[in-house]
Structure formats: C-alpha cells, structure tokens
Amino acid sequence: MSSKTDQMNQSYVDSQEKQKMLYKRTLIIISISQIFGGAGLAAGVTVGALLAQQMLGTDAFAGVPSGLFTLGSAGAALIVGRLSQRYGRRTGLTAGFMIGGLGAIGVIMAAIINSVFLLFASLLIYGAGTATNLQARYAGTDLANNKQRATAISITMVFTTFGAVAGPNLVNVMGDFALSIGVPSLAGPFILSAAAFILAGLVLFVLLRPDPLVIARAIEASKQESNRLGYSADTEQMVNKRGIIVGAAIMVLTQIVMVAIMTMTPVHMRHHGHDLGEIGLVIGFHIAAMYLPSLVTGVLVDKFGRTAMAIASGATLLLAGLISAIAPGDSMILLVIALSLLGLGWNFGLISGTALIVDSTDTSNRAKTQGTVDVLIALSGASGGALSGMIVAGSSYTALSFIGGLLSLLLIPVVIWSRGSDK
C-alpha cells in the first residue's frame, strides 16, 4: 500500500499537468466542505451569546460563549496544524470538523438539562469546528504559486458564504424544529451546526485524496534532490520570520475588532426590541461580508500587495466601529451597514495576512506555522469576545464600538514596519 502511495505521489511530482488538475480539484473539495463548515460556524455564532444570556440571566457574561469557542479554537488550531504537518491536510481537517460537531451536540445537551458547566465545556470543543473552518483556507494554497495564493484563499472563503449566510437565516426555522422535538429554541441552530460540521469532515475524509500538502512536500523534496544548492537558497528566501510576524499581527488585530463588536451586536439588538429573525438578518449580512467579497479581495491582494490591503482593512474597520457607535439601536439599515463593513474589514485583513504567512513559509514548516498563527488569532478573538460583554455591561455598546474602531488604527504602524516584506 505504501509503495502504491509512493508511486501515485511520484506521478504528480513528475507531471505539471497532474499538479494543475490536483490544485483545481483540491479547491473544489475544500470549497464544498466550506459550505457546510460556514453553516456550522454561523449558526452557533448567531445565538451563542443569547443562549448564555438566557441561562445565566445577565448580560455581563454574554460575551463568554464567543470567548470560549474561540479559546477552544486556539487549542484546536494548534492540534489541526500539527496533525496536518505530520499526516497531511485530510487528517487534520477531518479531525477538527468531527470534534466541532461533537461540541455542538454537547451544547444541545447542555440546553436540554440547563447545565451552564456543560454549556461552557461544550463551547470549548465546538471551537474546533471554528478553527478547522478557518484553517481549511490554507489547503488550497499548497499547490499554488505566489501569484495564485491570495486568490486560492479567497475562492474557498467565497464558498463559506453559502453556508454562513444560510446559518443565521435558519435560526427561526431551527428554533421551531428544536421546540417540536422538545429542545429549547436557542439550541436549535446548534443542531444545524452539529450536522454541518460532521458533513464537512466526511467530505474531506472521503474526497481529499491525494493530499495536497503531501504532494507539495514531495515536489519540494524532488527539487531539493535535483538542485541542492539552488533549493537551499530558495528555502532561505522563503522562510521569512518578518513576514510571519507581520501576517500574524494583521490577522490578530482584525480578529479582535471583529469579534468584539460582532459578539455583542445580537444582545444590543435584543435590548432594542429586535427579534431573532432581524438579528439573524444582520449577522447574515455581516458573515456574507466576511466571505463573499473574497474572490475580488484575493485578486486585489495578489495584484496590489499584501500591505496595501492591510491598510484598507484598518480603514474599513475604523468606519465600521464609528457607524455602529452612532447608529440608533432601532436602525436596521445602519446596523446592517456597520456589520457589513466590519465583515469586509476582517476579510481584507485575513486574506492579506494569510497570504503573507504562506509567502513566508515552505512545506517543511507551513502547516505547523499556520496552526500556531491561528492559535494567536483564536486567543485574540477569545479576549475580544470575553471582554466585549464586560465593556458593554460596564459602559455601553457605543463605547465598545468606538474602542474597536480606534484599535484598528494600530494596523498603520504594523504596515509601516512591514514595507520591507510586502510582495
């Protein structure tokens, strides 16, 4: 079996045509899994804070669910990155989605028995699906050249939109379904999350063969064998610590701002009389803006450079924070605009930062580094989510939005320092 696998891998190493075909096939498979993954992620994000608010009876800890599943995603990102580095993308991504599905099932059980402890523990595990959904964007880049990388990232993120928009807009439907089977309505979206994450894992387990990262490693090993001196020079150029630091900083800052404001928006809207359908609509627009512009964003990042789009990210997030701060609580239009800009700013930052990470690594350390960076992103999101509820409880949603917008300005010194590593 091992011999047959080696022969198959070698056939891809020897044929650029087969490499191109595998690159396209990988993008299709990852995109399909992202549809399910996006639905699983978005459904839980929409009602997580409301479920905690209902079970705890206070707003002060409404940001804790977002903090917990992003904290859980930090540990999962590390594990998925290590598994992918050692065994390939198929193993790492499949495991992550399956664990996320189990976490969603735990949330449902917690709501049924009204156990806050089980809720918080399950949200940690649920974070594995969030981390895996995010890490899947890297798989499409394994066989891409440096002029295709941001575009490859963006293609998989575009397909996340289909599930991500459907998830929030199925909140009422899943709530009614949950009630019909004796489950609290706010746990309904997690039924969708459980099914979606498990389906995403099955798609990858069955279809992601041969593994793109394994093939990419074989291709680099072949180049090393044929030209050791030339390859060593290339490797020295590709492994760029400065680029890794800058890419990580861009994604961490955008994640903090996005998660903090997004987490408390459903609670803010509920206080102003909006129902679950209206909340789902606003979050749906937000998540659509996070992913749908990706195809254009990827082209722009590849054409104009990583740091130029990072500047655009900071400006867009600042505008989002200012609009959400001044928008009346009963204004659906302004809330939709603000949350859409929030998603768009995150999109610019994530794709430009991700492209920098891929540019700055090679296959010998890429998956491991990507996992480590995603840990930082998840921890920053956890901090933003947990602190957002406390800021709103101690001050207001307006103050939170102003703070988030001003924080995005920190991208400017990061971009100035990064000029030397822009592509």
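Visitor: How do you make sense of unusual backbone geometry when you look at a structure like this?
Guide: Glycine aside, negative phi is the norm for most residues, and most peptide bonds take the trans geometry. Following Arg209, the chain continues to Pro210 via a peptide bond in cis, the omega torsion being -10 degrees. When you line up the elements, Pro210 lands in the loop between helix 8 (188-207) and helix 9 (212-226). One non-glycine residue, Asn114, adopts positive backbone phi at about 55 degrees. Structurally, the position occupied by Asn114 is in the loop between helix 4 (89-113) and helix 5 (116-139).

Visitor: In this structure, what is going on with helix 11 (residues 241-271)? I would like to understand it.
Guide: Residues that lie three or four places apart on an α-helix share one face, since the helix turns once every 3.6 residues. For helix 11, spanning 31 residues, the distance from its first C-alpha to its last is 46 Å, which sits close to the expected 45 Å at 1.5 Å a residue. The largest bend in helix 11 amounts to roughly 35 degrees and is located at Thr265, with the proline Pro266 lying one to four residues further along. A positive phi of about 85 degrees marks Gly273, the residue just after helix 11.

Visitor: Can you help me understand the packing of aromatic side chains in this one?
Guide: Here a ring pair, both rings aromatic, is described through the centre-centre distance and the interplanar angle of the planes. Tallied over the entire structure, the rule returns four aromatic pairs. Seen from their ring centres, Tyr126 and Phe190 are 5.4 Å apart, and the 70 degrees between their planes marks the pair as edge-to-face. Of this pair, Tyr126 sits in helix 5 while Phe190 sits in helix 8, and the two are 64 residues apart along the sequence. For Tyr126, a relative accessible area of 0% translates into the label buried. Ring geometry for Tyr126 versus Phe197: centroids 5.6 Å apart, planes at 50 degrees, classification tilted. Note that Tyr126 is positioned in helix 5 and Phe197 in helix 8, a separation of 71 residues in sequence. Grouping residues by exposure puts Tyr126 and Phe197 together as buried. Every member of this aromatic cluster is reached through a ring pair, and the members are Phe97, Tyr126, Phe190 and Phe197.

Visitor: Looking at this structure, I do not really get a nonpolar patch on the surface. What am I missing?
Guide: Judged by side-chain polarity, Leu71, Ile99, Leu102, Ile105, Met109, Ile112, Ile113, Leu124, Ile125, Leu376 and Leu379 come together as a nonpolar surface patch covering roughly 930 Å² of accessible area. Elements with a contribution of two residues or more to the nonpolar patch: helix 4, helix 5 and helix 16 (366-394). Relative to the assigned elements, Ile105 resides in helix 4.

Visitor: Explain helix 13 (residues 294-304) to me, please; I cannot follow it from the model alone.
Guide: Looking only at helix 13, the buried set comprises Ser294, Thr297, Gly298, Val301 and Asp302. All buried residues of helix 13 fall inside an arc of 130 degrees around its axis, so they share one side. Turned more than 90 degrees off the buried face of helix 13, the exposed positions are Val296 and Lys303. Residues of helix 13 that are buried sit in contact with helix 6 (149-169), helix 12 (276-291), helix 14 (306-326) and helix 15 (332-359).

Visitor: Got a minute to help me understand the packing of helix 7 (residues 171-180) against helix 8 in this structure?
Guide: A pair of packed helices is captured by two measures, namely the crossing angle of their axes and the spacing between those axes. Helix 8 packs onto helix 7 with a crossing angle of 100 degrees between their chain directions and a minimal axis gap of 6 Å. In terms of orientation, helix 7 and helix 8 fall into the roughly perpendicular class. Together, Val171, Met174, Gly175, Phe177 and Ala178 of helix 7 and Gly188, Pro189, Ile191 and Leu192 of helix 8 make up the contact between the two elements. Its residues placed into classes, the contact of helix 7 with helix 8 shows seven nonpolar, two polar and no charged.

Visitor: Would you explain the confidence of the model for the protein in this entry?
Guide: The predicted coordinates should not be examined in detail at positions where pLDDT is low. Per-residue confidence for the protein gives a mean pLDDT of 85, with 92% of residues at or over 70. Contacts for the low-pLDDT stretch residues 231-238, under 50 throughout, to residues beyond four places or in other chains number 10 contacts.

Scoring rules and cut-offs
- As a convention, each chain's residues are numbered from 1 in the sequence order in which they are written.
- Only residues with pLDDT of at least 70 are given local features in this predicted model, and only at 80 or more are side-chain atom pairs given and counted; all residues enter the totals for whole chains, interfaces and linings.
- Water and hydrogen atoms play no part in the side-chain values, which are based on all heavy atoms of the structure.
- By definition, any uninterrupted DSSP run of H or I lasting at least four residues is a helix, any uninterrupted run of E lasting at least two residues is a strand, and each is numbered from the N terminus.
- To estimate the expected span of a helix, count its residues, drop one, and scale the result by 1.5 Å.
- The bend at a residue is defined as the angle formed between two axes, one fitted to the seven residues ending at that residue and one fitted to the seven starting there.
- For this analysis, a ring pair means two rings from Phe, Tyr or Trp (six-membered ring only for Trp) whose centres lie within 6.5 Å, classed as stacked if their planes differ by under 30 degrees, edge-to-face if by over 60, and tilted for the remaining angles.
- Remark: exposure states derive from per-residue accessible area (1.4 Å probe, protein chains only) relative to the maximum for the residue type, with buried under 20%, exposed over 50%, and partly exposed in between.
- The patch calculation keeps residues exceeding 30% relative accessible area without a salt bridge and links them within 9 Å when they carry like charges or within 5 Å when they are nonpolar (Val, Leu, Ile, Met, Phe, Trp, Tyr).
- In short, Shrake-Rupley with a 1.4 Å probe defines the accessible areas, and a residue's cover is counted only from the protein chains shown.
- Salt bridge, as used here: a side-chain nitrogen of Lys or Arg that lies within 4 Å of a carboxyl oxygen of Asp or Glu.
- The arc under discussion is defined with respect to the helix axis, by the directions toward the C-beta atoms.
- Contact between two residues is taken to exist if any of their heavy atoms lie within 4.5 Å; hydrogens are not considered.
- Helix axes are fitted only over the stretch in contact, all axes being lines through C-alpha atoms; the angle between N-to-C directions runs from 0 to 180 degrees.
- Working definition: roughly parallel below 35 degrees, roughly antiparallel above 145 degrees, roughly perpendicular at 65 to 115 degrees, and oblique for all remaining angles.
- Polar here means any residue other than Ala, Val, Leu, Ile, Met, Phe, Trp, Tyr, Cys and Pro, which are nonpolar, and Asp, Glu, Lys and Arg, which are charged; Gly is therefore polar.
- Confidence of the prediction at every residue is given by pLDDT, a number between 0 and 100.

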